[in-house]
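# Structural overview
Chain by chain, the residues:
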Amino acid sequence: MTLPVFLVPALPTGPEAVLDGPEGRHAATVRRLRPGEELVLSDGSGAQVRCVVQEALKDALRLRVLQRWVAPEPAVRVVLAQALVKGDRGELAVELATEAGVDGVVPWRAARCVTRWEDGPRGAKALERWRSTAREAAKQARRARVPSVAEPVGTPALARLVESAAIALVLHESASTGIAAAPLPEEGDVLLVVGPEGGITEAELAALTEAGAHAVRLGPTVLRASTAAAVALGALGVLTDRWR
């Protein structure tokens, strides 16, 4: 079984460390880690430190550093442009995509989105929920890197992201090409576009394909906006070197 991962703002530089704060409290009181047990500290950007518990305090752990390393980024990165989804389904989409290995998330204000993230405190709060979800899901999946969650974009900005990606794939039920037939790169960013519950409009699809995106389908069934990305990431993991 892999070791539990705890996210910290900065990794220890010396031979010993103290894990305190919310992560230390969780490790000591919820996980109930005891002397002799091991864990991993991560900065969420690939750097990790394996430690052994020397002493368990009330809400912190005293640790001894055993090993340091940096997990490399995959040659093929997947960035998800996820349309805003109503209720907690947007957070579910981020959670599942993070567990499936997504490297970055871009919230998309698509035309048919039921929910709207307006500028101001409410929009900022919704964005922070997505970022917190990505962080917690990365810990649960014991990932070395927490995927970034960018500021939300409209379709014109998304089209510019399409132009800068190695390839962009738009999941669409009417596409005649399966994802396995897409010309995937050996390195660079794959931009994966998932529309809202109401689907991607013809105008949006035209704007994205004119920018260079490929419309693809996953299979004969239609998936929810909250689960499509995770399924696509599984396919991309097999079709590229990401899972090798």
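Residues numbered from 1 in each chain as written. Predicted model: local features only at pLDDT ≥ 70, side-chain atom pairs only at ≥ 80, totals over all residues. Heavy atoms only, no water.

### Overview of the pairing of strand β3 (residues 38–42)
- Taken across its five residues, β3 has four buried, putting it largely inside the fold.
- Here three bridges tie strand β1 (residues 5–7) to β3, and the two strands are oriented parallel to one another. Along β3, the bridge assignment pairs Val5 with Val40.
- Note that β3 and strand β4 (residues 47–56) share five bridges and pair antiparallel. Within the sheet, the bridge partner assigned to Glu38 lies in β4 and is Val52.
- Taking the residues between adjacent antiparallel strands as the criterion, β3 and β4 are bridged by four residues, where Gly44 takes a positive phi near 80 degrees. (Buried < 20%, exposed > 50% of the residue type's maximum accessible area, 1.4 Å probe, protein only. Helix = DSSP H or I, 4+ residues; strand = E, 2+ residues; numbered from the N terminus. Pairing = 2+ DSSP bridges.)

### With respect to the nonpolar core
- In terms of nonpolar packing, the biggest core is built from 51 residues, with Trp108, Leu158, Leu169, Leu191, Leu192, Val193 and Leu208 touching the most fellow members.
- Listed in part, the 14 residues of the second largest apolar core include Val8, Leu19, Val49 and Val65. (Core = buried A, V, L, I, M, F, W, Y, C linked by side-chain atoms within 4.5 Å.)

### Thoughts on the packing of helix α4 (residues 155–164) against helix α5 (residues 202–210)
- Put simply, α4 and α5 touch, their axes get as near as 8 Å, and they point 30 degrees apart. When the axis of α4 is compared with that of α5, the two are roughly parallel. Pair α4 / α5 crosses with right-handed handedness. Between α4 and α5, the contacting residues are Thr155, Leu158, Ala159 and Val162 on the first element and Glu204, Ala207 and Leu208 on the second.
- For the contact of α4 with α5, a count of residues per class yields five nonpolar, one polar and one charged. (Axes fitted to C-alpha atoms, helices over the stretch in contact; angles between N-to-C directions. Parallel < 35°, antiparallel > 145°, perpendicular 65-115°, else oblique. Left-handed = near helix turned anticlockwise from the far one by under 90°. Contact = heavy atoms within 4.5 Å. Nonpolar A, V, L, I, M, F, W, Y, C, P; charged D, E, K, R; others polar.)

### Some thoughts on the sheet that holds β4
- Strand order in the open sheet formed by five strands is β1-β3-β4-β5-β2, and the pairing between neighbours is mixed. Of all strands in the sheet, those bounded by a partner on one side alone are β1 and β2 (16–19). The sheet shows a mean angle of 40 degrees between the axes of neighbouring strands, taken without regard to direction.
- Where β4 meets strand β5 (residues 61–70), nine bridges bridge the pair, whose relative direction is antiparallel. Bridged to Gln48 within β5 is Trp69.
- Taken strand by strand, helix α1 (residues 21–30) contacts β1, β2 and β5, and its axis lies near 155 degrees from that of β1.

### Focus: the sheet that holds strand β8 (residues 148–149)
- Taken in spatial order, the six strands of this open sheet run β8-β7-β6-β10-β9-β11, and their pairing is parallel. With partners counted over all chains shown, the strands left at the sheet margins are β8 and β11 (214–216), one partner each.
- Note: strand β9 (residues 167–171) against β11, three bridges, orientation parallel. By the bridge assignment for β11, Val170 is matched with Ala215.

### Looking at a nonpolar patch on the surface
- A surface patch of nonpolar side chains, about 210 Å² in accessible area, is lined by Leu218, Leu223 and Val231.
- Within the secondary structure layout, Leu218 lies in the loop between β11 and α6 (228–239).
- Leu218 sits in the partly exposed class, given a relative accessible area of 31%. (Patch = residues over 30% accessible without salt bridge, like charges linked within 9 Å, V, L, I, M, F, W, Y side chains within 5 Å. Areas by Shrake-Rupley, 256 points an atom, 1.4 Å probe, with all protein chains shown as cover. Salt bridge = Lys/Arg side-chain N within 4 Å of Asp/Glu carboxyl O.)

### Quick word on the UniProt feature "domain: Ribosomal RNA small subunit methyltransferase E PUA-like" (unreviewed entry) in the protein
- Those places that UniProt annotates as "domain: Ribosomal RNA small subunit methyltransferase E PUA-like" (unreviewed entry) correspond, in this numbering, to residues 19–65.
- The span residues 19–65 shows a helical share of 21% and a strand share of 45%, and its end C-alpha atoms are spaced 12 Å apart. (UniProt positions renumbered as here; feature names shortened; annotations may be inferred.)

### Quick word on α5
- All of the buried residues along α5 are Glu204, Leu205 and Leu208. Buried residues in α5, looked at end-on, bunch into an arc of 100 degrees, giving them a common side. Of the residues in α5, the exposed ones pointing more than 90 degrees away from the buried face are Glu202, Ala203 and Glu210.
- At its buried positions, α5 is contacted by β7 (104–108), α4, β9, β10 (188–194) and β11.
- Where α5 ends, the next residue or the one after it, Gly212, has phi of about 120 degrees, a positive value. (Arc of directions from axis to C-beta.)

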